[in-house]
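Below are the chains, spelled out letter by letter.
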Amino acid sequence: MPTLTAVKKNKFDVLSVRAKFPALHQQVNGHPLVYFDNAATSQKPEEVIDALSHFYKNDNANIHRGIHTLAERATAEYEKTRKAVQSFIYAGEPEEIIFTSGTTGSINLVVQTYGRKFLKEDDEVIISAMEHHSNIVPWQMICEEKGAKLKVIPVTKRGELILEEYKKLLSSKTKIVSIVYVSNTLGTINPVKEIIDMAHHAGAKVLVDAAQAIIHIPINVQDLDCDFLAFSGHKVYGPSGTGVLYGKRELLEAMPPWQGGGEMIKEVTFEKTTYNELPYKFEAGTPNIADVVTMKYAIDFVEGLDREAVAAHEHHLLQKTMEGLAEIEGIRLIGTAKHKTGVASFISDRIHHFDMGMMLDARGIAIRTGHHCTEPLMNVLGIEGTNRASFAVYNTEEEVDYFLGTVREIVQKKKK
Amino acid sequence: MNQTINEIQNEVVDEFSMLGGDMESTVFYIMELGNHLPPMDERYKVKENLVKGCQSKVWLSTYFKDGKVFFLADSNTDVTKGLISMLIRIWNGRTPKEILGTDLYFIDKIGMQRVVGSQRSNGFASMIRQMKLYALGYQQQHAL
Ligand SMILES: Cc1ncc(COP(=O)(O)O)c(C=O)c1O
C-alpha cells in the first residue's frame, strides 16, 4: 500500500497520461518513438480523436442555419466549444471568442481589420526580434500599404527582450504592439503583462501570440489585460485547422468584417448588406465545424490535468535536457533565458542541424531542425538554425535520458 | 573509366542492400560516402555555384576535358554531401550524351525517398537537374 504522502506526490502520473495518446505507442526506424517536436504540433489524446469521429458519425450538420435536430445538435456542440474557450482563457464573454484557422489566421484577421482601419501613415507597430514569421509578415504587409513603420524590440544573447529598448520605442506614434508570449525557438517566457501595461500607458493596443504559451501556461486574458490574443488548437492537444482569436468586445465591435459571405451577415440586398453581431461577423462561410467541436475535448483534457504538477514535470524535463546537453562536447545551448518553458534549442560545432535531425530520426527521436520560422532571430543570433527539442505533458524522464545518450553518441561517432 | 554507368548504379544498389534497410546504418553510410568526395577549393564555393532548390548549401562546379564532364562539389551538411557524391561517382568523366541519356534507376531501388525524406529528395532532384543542365550546356557549346 502506498503511503499517503506517496499518493499525494504521484498525483500526476505521466504514464497514465501517456497511455491516452495512441500515436506515441509506435516504433520508428526500429526504435520506440520519442516525440520531441511538440512546439510544432502536439499529439492528440484518445478523447479528442474519438470526439472527431463521434461528431461525424452522429451529429454532423451545418450550423446556425437549420431547424432540424442534427443542425441544432451540431450548433449546440460548436457553441459549447466557444464557452469552453472562454472559460479556459478567462474571457469576459463568449462573443469575444472568434474561431479562425489558427494563430496565423487570427493574427491576419487583426491585421486586416483592426490594422487596416486604424493604422495611418507614420504610425508605428512594435514587434520583437523573436517573433514567428506569422507575427512579422502580416504586419510588414499592412505597414507597407499604409506607410506605417515596423519597430523591433531587440533581444540579448541569452534570448531575453531588452525592455529598456522597448520603452524607448514606445511613443504616441505606437498604435499596436504585437508580441509573442513564449518563443517557439528559444522557449523564453516574455514578461507580457509588463509589456502590455507599458503599451497601454503609451496608448497602444496589444496582441499576444500565445501559440506556444497556451500548452504550458494557464492564461487569463482579463488579468493580462491584452487587447487580442491568438492561439492554435493543434498546439494544445486539439485538432489542426482550429484557431482562436480573443479580442476585447469594444475593439471587435469597432473592427470591420474581413471576409464576406454567409453566416456573417444580418441582411443582404444588392444595395447594401448589414453585418451580423459578434462573433459571427468574423466567421464567414461554413466554419471548420467538426474540428471546432473537437477542440472542446482538448481543452477538457488540459483542464482535467493538475496544471501545476504538469508545469513542474515539464520544467524538470527541460532543465534536465539543458543541463545534459551543456555537458556534451561541442554543444551550445541557444536560448538560456531565466524564464523558459517547453523548448531546448541547441547547435553542435561539428554536426549540421539537418544531419543531427536525420541521425536522431534514425533512432526514433523526432526533433525539429532549421530556423523554426524565425529567420530574423537566427540572423540576430548569427546562426543558420538550431536543433529544437520541445516537450509536452506525456514526455518522460527516460525519453530525455535516451535522447541525451543518443546525442552524446552521435557527437562521439562524428569525432572519429 | 572501365565501369559503365549501370555497373556503378548496380554497385550502389548492392552496397545499400547490404545495410539491410537499417535506417541508422544507411544514414551513416551516406555520410561516409561524402567523406570520399575530393575536396572542393574554397574559391568555387561562391553564390553562383549554389544549387537552387536545396535546403542545405550545395556548391557544384564543372569542367569539360577531352569531351567529358567533370564535377566538383561540396555541402555544408554531411548527408547532402554523401548524396551528391553518389551522383559524381556515377557521372564523373562521362560524355554529355551519356549523362543526358542516363536512367537513374538506383534512386528508386535504394528507396531514396524513404531514407532521406521528401524535402531532401526534392533537393536531390535539384542536384540531378543542375548536373544535367551542365551536361546539356557542354553538349550544345561543343555541338556534340
Ligand atoms: C510562436 C508562434 N506563433 C505563430 C505560429 C503559427 O501557428 P499556426 O501555424 O498554427 O498558425 C507558431 C507555430 O509554429 C508559433 O510557434
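Everything in this summary refers to the structure shown in the same document. Keep in mind the model is a prediction, meaning the values are calculated, not measured.

Rules of the game
Residues numbered from 1 in each chain as written. Chains lettered and ligands numbered in written order. Predicted model: local features only at pLDDT ≥ 70, side-chain atom pairs only at ≥ 80, totals over all residues. Heavy atoms only, no water. Helix = DSSP H or I, 4+ residues; strand = E, 2+ residues; numbered from the N terminus. Contact = heavy atoms within 4.5 Å. Areas by Shrake-Rupley, 256 points an atom, 1.4 Å probe, with all protein chains shown as cover. Lys, Arg positive; Asp, Glu negative; His and termini not counted. Charge placed at Lys NZ, Arg CZ, Asp CG, Glu CD. Phe/Tyr/Trp six-rings, centres within 6.5 Å; stacked < 30°, edge-to-face > 60°. Buried < 20%, exposed > 50% of the residue type's maximum accessible area, 1.4 Å probe, protein only. Lys NZ or Arg CZ within 6 Å of the ring centre and 35° of its normal. Buried area = accessible area lost by both parts, 1.4 Å probe. Salt bridge = Lys/Arg side-chain N within 4 Å of Asp/Glu carboxyl O. Nonpolar A, V, L, I, M, F, W, Y, C, P; charged D, E, K, R; others polar.

1. Details of the overall build of chain A
- Helix and strand counts for chain A stand at 16 helices and 17 strands.
- The principal-axis extent of the C-alpha atoms belonging to chain A is close to 75 × 55 × 40 Å.
- Here the contacts in chain A between residues at least 6 apart in sequence split such that 71% fall between residues at least 24 apart.
- A total of about 17800 Å² of accessible surface is found on chain A, and carbon and sulfur atoms cover 53% of it.
- The average position of the 47 basic charges and that of the 54 acidic charges among the side chains of chain A differ by 3 Å.

2. Concerning the packing of aromatic side chains
- Tallied over the full model, the rule gives 15 aromatic pairs over all chains.
- Plain terms: the ring middles of F36 of chain A and F391 of chain A are 5.0 Å apart, the flat faces sit at 75° to each other, and that makes the pair edge-to-face. With F36 of chain A in the loop between β3 (34-35) and α3 (46-59) and F391 of chain A in the loop between β17 (386-390) and α16 (397-415), this pair connects stretches of sequence that are 355 residues apart.
- Owing to a relative accessible area of 0%, F36 of chain A belongs among the buried residues under this scheme.
- Residue class for F391 of chain A comes out buried when judged on its relative accessible area of 1%.
- Each ring, one from F64 of chain B and one from Y138 of chain B, has its centre 4.7 Å from the other, and the planes form 10°; the classification is stacked. A residue pair is termed long-range when its members are at least 10 positions apart, and F64 of chain B in strand β1 (residues 58-65) and Y138 of chain B in helix α6 (residues 112-141) qualify at 74 residues.
- A relative accessible area of 12% means that Y138 of chain B is categorised as buried.
- The structure contains a cluster of three or more aromatic residues connected by ring pairs, namely F21, Y237, F301 and Y394 of chain A.
- Sitting above the plane of the F28 of chain B ring, K413 of chain A keeps its charged end 4.0 Å from the centroid.
- Above the plane of the ring of W59 of chain B lies K45 of chain B, whose end atom (NZ or CZ) is 5.7 Å from the centre.

3. Concerning the interface of chain B and chain A
- Each partner contributes to the interface: chain B provides 16 residues, whereas chain A provides 11 residues.
- At the boundary of chain B with chain A, total buried surface from both sides reaches about 1300 Å², with 57% on carbon and sulfur atoms.
- Three residues, M23, E24 and F28 of chain B, lead the burial of chain B against chain A; their summed loss comes to 36% of the area buried on that side.
- Run the count over chain B and chain A and you get three salt bridges.
- For R363 of chain A, the salt bridge identified is with E24 of chain B, shortest N-O distance 2.6 Å.
- Listing elements by their share of the side of chain B that touches chain A, those giving two or more residues are α2 (23-35), α3 (78-91) and α6 of chain B.
- Here the side of chain B that touches chain A gets five residues from one element, more than from any other, and that element is α2 of chain B.
- When the residues that make up the side of chain B that touches chain A are grouped by side-chain class, the tally is seven nonpolar, four polar and five charged.

It is worth stressing that arrangement in space is one thing and function is another; only the former is reported here.
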